[in-house]
There are 2 protein chains.
Amino acid sequence: MAKRLGRQTVELENPPYIVAHAAVGGKKEQEGPLKRYFDHLTADDTFGEKTWEKAERQMQKLALQIALEKWGKDAQALDYLLAGDLLNQCVSSSFAARETQVPFWGLYGACSTMGESIALASLLIDGGGASTAGAVTSSHFCTAERQYRTPLAYGGQRTPTAQWTATAAGCSILSKEGRGPRVTCVTTGKIVDKGIKDANNMGAAMAPAAADTLLAHFRETGREPGYYDLVVTGDLGQLGREILLELTREDGLDLEGCHNDCGLLLYDLAKQDVHCGGSGCGCAGSVFNGYLLRQMEEGTLKKILLCPTGALLSPTTTQQGESIPSIAHAVAIEM
Amino acid sequence: MAKRLGRQTVELENPPYIVAHAAVGGKKEQEGPLKRYFDHLTADDTFGEKTWEKAERQMQKLALQIALEKWGKDAQALDYLLAGDLLNQCVSSSFAARETQVPFWGLYGACSTMGESIALASLLIDGGGASTAGAVTSSHFCTAERQYRTPLAYGGQRTPTAQWTATAAGCSILSKEGRGPRVTCVTTGKIVDKGIKDANNMGAAMAPAAADTLLAHFRETGREPGYYDLVVTGDLGQLGREILLELTREDGLDLEGCHNDCGLLLYDLAKQDVHCGGSGCGCAGSVFNGYLLRQMEEGTLKKILLCPTGALLSPTTTQQGESIPSIAHAVAIEM
């Protein structure tokens, strides 16, 4: 049985294995520094579909399909599928999953979804409710921009604090048995809202949630940051990372030397005009399932703490003058 | 450890108790036949707030607060909160939870959310990942109508197959220890899409998902419908119920004598101008946490199978000519 180490952290008794994984991306991801770690990349962001929404769900389907192929099994070998995305009513996930015939849990955690889905899948497997599960998420620049901000054709000027929504999807397959990296601890996030209202500054809104979850993780496990080869947040970007480092330092946790952010890894900030970095569910989804898990398999990384962050706003709440509640879920992954 | 009875059904080894519950509703719910089973009712659908969205989240806060009061503990006694709703980016749930400081799992299952949240909470508790959890959901006629259909002031004519989105919220508190009804089985839904495209006929879109989950439940448990005093779906309404009975009968499952639907229980269809019945996450949420659990506590019902259904469409998918994928999760609850 899982051991509860504190208010937010559970240590798993039978840590599930991540037995297969896949990352899918579009044009900008293909032009970025992690190009060679993706399983599928295309310069055609429509993915052959007629709408951006259909393109996004196509990415989720591809990510799941490739991960299943690498696992060598079909969808019927999955006890559960856990998925979510940024679109209204999470339609990328529901529509992508409708042909799979796999018992489905729909999640909403905004850009924390890769963390939420792996965390819940791990708890379900550790607890005996399932033997296997798939965790999937996606985002698409063109669906997110027009839903959250302005029509694409409008060509609005982006602010210096803006981030670039990744056109990408990621899938992890977890199993009670197998080989590979294991999910050993889950630190579940609380909703944190420090009053940031600028919908073009997600990093600042989400950094306090990441700080809260990471502080809880290290406090409750008694681990030092050096325990991990890498503590990696989802899409705080450049400004969000600075705020995170400052907030955690104030509480006596120095992450400077071991922290990075998927939003900083995915693109070349100096050359790709992404301002503060990448964002979107697919950012952590693809960087984790592409780059990071391969680094673990190759032995470059042995222990990582993945902590994707989500900003839980909607355009309606912004219009109504609300601040931005955020959340971050952390999962410890060890070889 | 939970016992997996089949592809979709898990029998819990240590069935958690529903130790407290609360239902909150608005004006139309106050005028309906279940009036005396609500914990909080008001003729003021604004709940004292300036926007409908804030009113909806106020309902969720109230439902959680009342359930906690009945339990005699505060939010810090909850290991997890699981919540979701119909609004874009599930903002009712995130904003309602932001002051609770409880580790939070955001869900999206549309109107199946009461089933999804109780099911996942039960699996987490049974598996040892948590000792206690809260499951919360809500819907509001005024937030849902303007988001999914037309502006309220437009006064659009409703079709005969339309249902009425409940202005209501429900909360169940589950615990490893205690007294009360227990969640003994979870049958997780798959996404089912039979090609229905009419966004004003949710019952028809969701009935095949309910049929799929209920057929799986009875097949995998080996139980007869008569095992339960009541098999109750979430918000199929009058037409959806007829389709469900026909679809299950074709597969040899006769639910006629033991089935009802929360959407038919919540309102007086002949007098309240709700056309095919109630709908929305708050429909199953309030009928279950108000009426049904009290019937169980009073001994009128001893065993029920709760099966809330969700239509996973968005206005965008409807505009793009897509059909409506649906899902239904069933939880067996026994005294």
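Predicted model, so just to flag it, every value in this text is computed and none were measured. (Residues numbered from 1 in each chain as written. Chains lettered and ligands numbered in written order. Predicted model: local features only at pLDDT ≥ 70, side-chain atom pairs only at ≥ 80, totals over all residues. Heavy atoms only, no water.)

Asker: Report on the side chain of Ser 172 of chain B, specifying residues and quantitative values.
Answerer: All names here are of chain B. One can find Ser 172 in strand β9 (residues 168-175). Among the polar contacts made by the side chain of Ser 172, one reaches the side chain of Asn 289 at a distance of 2.5 Å. Residues within four places of Ser 172 in sequence aside, it is in contact with Ile 18, Ala 20, His 21, Met 114, Ile 118, Ala 133, Gly 134, Ala 135, Phe 288, Asn 289 and Leu 293. (Helix = DSSP H or I, 4+ residues; strand = E, 2+ residues; numbered from the N terminus. Polar contact = N/O pair within 3.5 Å; in protein donor to acceptor, adjacent residues only side chain to side chain. Contact = heavy atoms within 4.5 Å.)

Asker: Can you break down empty space enclosed by the protein residue by residue, with the values?
Answerer: The full count for this structure, using the stated rule, is 5 cavities of 30 Å³ or more. Within this model, the largest cavity holds a volume of roughly 170 Å³. Around the largest cavity sit 14 residues that line it, and Leu 86, Cys 111, Tyr 148, Arg 149 and Met 202 of chain A are the ones nearest its centre. Elements represented by at least two residues in the lining of the largest cavity include exactly α5 (141-148) and α6 (202-221) of chain A. The volume enclosed by the second largest cavity comes to roughly 140 Å³. Surrounding the second largest cavity, 14 residues form its lining, Leu 86, Cys 111, Tyr 148, Arg 149 and Met 202 of chain B being those nearest its centre. Among the elements of the structure, α5 (141-148) and α6 (202-221) of chain B are those that each provide at least two residues to the lining of the second largest cavity. Residues that form the lining of the second largest cavity fall into these classes: 9 nonpolar, 3 polar and 2 charged. (1 Å grid on protein atoms, 1.4 Å probe; cavity = no way out; pocket = protein on both sides within 12 Å on 5 of 7 lines; lining within 4 Å. Points joined across faces, edges and corners; volume = space filled by probe spheres on them. Nonpolar A, V, L, I, M, F, W, Y, C, P; charged D, E, K, R; others polar.)

Asker: Requested: an account of the pairing of strand β10 (residues 182-187) of chain B, with residues and values cited.
Answerer: All names here are of chain B. Counting buried positions along β10 gives 5 out of 6 residues, so the element sits mostly inside the fold. Examined bridge by bridge, strand β2 (residues 9-11) and β10 share 3 bridges and lie antiparallel to one another. Of the residues in β10, the one forming a bridge with Glu 11 is Cys 185. As defined by bridge partners, β10 adjoins strand β17 (residues 330-334) across 5 bridges and the pair is classed as antiparallel. What sits directly across from Arg 182, in β17, is Glu 334. (Buried < 20%, exposed > 50% of the residue type's maximum accessible area, 1.4 Å probe, protein only. Pairing = 2+ DSSP bridges.)

Asker: Break down the pattern of salt bridges for me, citing the residues and quoting the values.
Answerer: This structure, assessed with the given rule, holds 30 salt bridges over all chains. Between Arg 146 of chain B and Glu 53 of chain B there is a salt bridge, with the nearest N and O atoms lying 2.6 Å from each other. Highlighted residues: Arg 146 of chain B in helix α5 and Glu 53 of chain B in helix α2 (residues 52-71), separated in sequence by 93 residues. In this structure, Asp 212 of chain B engages Lys 190 of chain B in a salt bridge whose closest nitrogen and oxygen atoms are separated by 3.7 Å. Here Asp 212 of chain B is found in helix α6, whereas its partner Lys 190 of chain B is found in the loop between β10 and α6, with 22 residues between them in sequence. Look at Asp 212 of chain B and you get partly exposed, because its relative accessible area is 22%. By sharing partners, the salt bridges in this structure join Lys 54, Arg 57 and Arg 98 of chain A together with Asp 193 and Glu 322 of chain B into a single network. (Salt bridge = Lys/Arg side-chain N within 4 Å of Asp/Glu carboxyl O.)

Asker: Break down the interface of chain A and chain B for me, citing the residues and quoting the values.
Answerer: In this assembly, 63 residues from chain A lie in contact with 63 residues from chain B. Taken as a group, Arg 7, Gln 89 and Trp 105 of chain A account for 15% of the area that chain A buries against chain B, more than any other trio of residues on that side. Viewed at the interface, chain B and chain A are joined by 10 salt bridges. Taken together, the connections running from chain A to chain B amount to 36 residue pairs in polar contact (both at pLDDT 80 or more). (Buried area = accessible area lost by both parts, 1.4 Å probe.)

Asker: Just give me the short version of a negative patch on the surface, but keep the residues and values in it.
Answerer: All names here are of chain A. A cluster of acidic residues, Glu 242, Glu 246, Glu 250 and Asp 251, forms a negative patch at the surface. Along the chain, Glu 246 turns up in helix α7 (residues 237-250). Glu 246 gets classed as partly exposed once you look at its relative accessible area, which sits at 47%. (Patch = residues over 30% accessible without salt bridge, like charges linked within 9 Å, V, L, I, M, F, W, Y side chains within 5 Å. Areas by Shrake-Rupley, 256 points an atom, 1.4 Å probe, with all protein chains shown as cover. Lys, Arg positive; Asp, Glu negative; His and termini not counted. Charge placed at Lys NZ, Arg CZ, Asp CG, Glu CD.)

Asker: Hey, could you go over the relation of the copies chain A and chain B for me, with residue numbers and the actual values?
Answerer: Superposing chain A onto chain B takes a rotation of 180° combined with a translation of 0.0 Å along the rotation axis, leaving an RMSD of 0.0 Å. Expressed as an axis order, the relation between the two copies is that of a two-fold axis. In terms of C-alpha distance to the rotation axis, chain A has Gly 127 of chain A as its closest residue, with the C-alpha 1.8 Å off the axis. Taken as a fraction of all interface residues of chain A, those also at the interface in chain B reach 100%, which identifies the copy contact as same-surface. (Least-squares fit on C-alpha atoms with pLDDT ≥ 70 in both.)

Asker: I'd love a proper account of the packing of aromatic side chains, names of residues and values included.
Answerer: Counted under the stated rule, the structure contains 10 aromatic pairs over all chains. With a centroid separation of 6.0 Å and 75° between ring planes, the pair formed by Phe 218 of chain A and Tyr 228 of chain A is classed as edge-to-face. Taken together, the residues Phe 218 of chain A in helix α6 and Tyr 228 of chain A in the loop between α6 and β11 (230-233) connect sequence positions 10 residues apart. Ring centres 5.5 Å apart and planes at 55° place the aromatic pair Tyr 80 of chain B and Trp 105 of chain B in the tilted group. (Phe/Tyr/Trp six-rings, centres within 6.5 Å; stacked < 30°, edge-to-face > 60°.)

Asker: Run through the layout of surface pockets, naming residues and quoting values.
Answerer: Empty space among the atoms becomes apparent when a probe as large as a water molecule is rolled across them. Approximately 560 Å³ is the volume attributed to the largest pocket. Lining of the largest pocket is provided by 28 residues; of these, Glu 145, Arg 149, Thr 150, Arg 158 and Asn 200 of chain A occupy positions nearest its centre. Listing elements by their share of the lining of the largest pocket, those giving two or more residues are α5 and α10 (315-319) of chain A. Here the residues of the lining of the largest pocket are counted per class, giving 10 nonpolar, 14 polar and 4 charged. The calculated volume of the second largest pocket comes to roughly 400 Å³. For the second largest pocket, the lining is made up of 20 residues, of which Glu 145, Arg 149, Thr 150, Gly 156 and Arg 158 of chain B are closest to its centre. Among the residues making up the lining of the second largest pocket, the classes are represented as 7 nonpolar, 10 polar and 3 charged.

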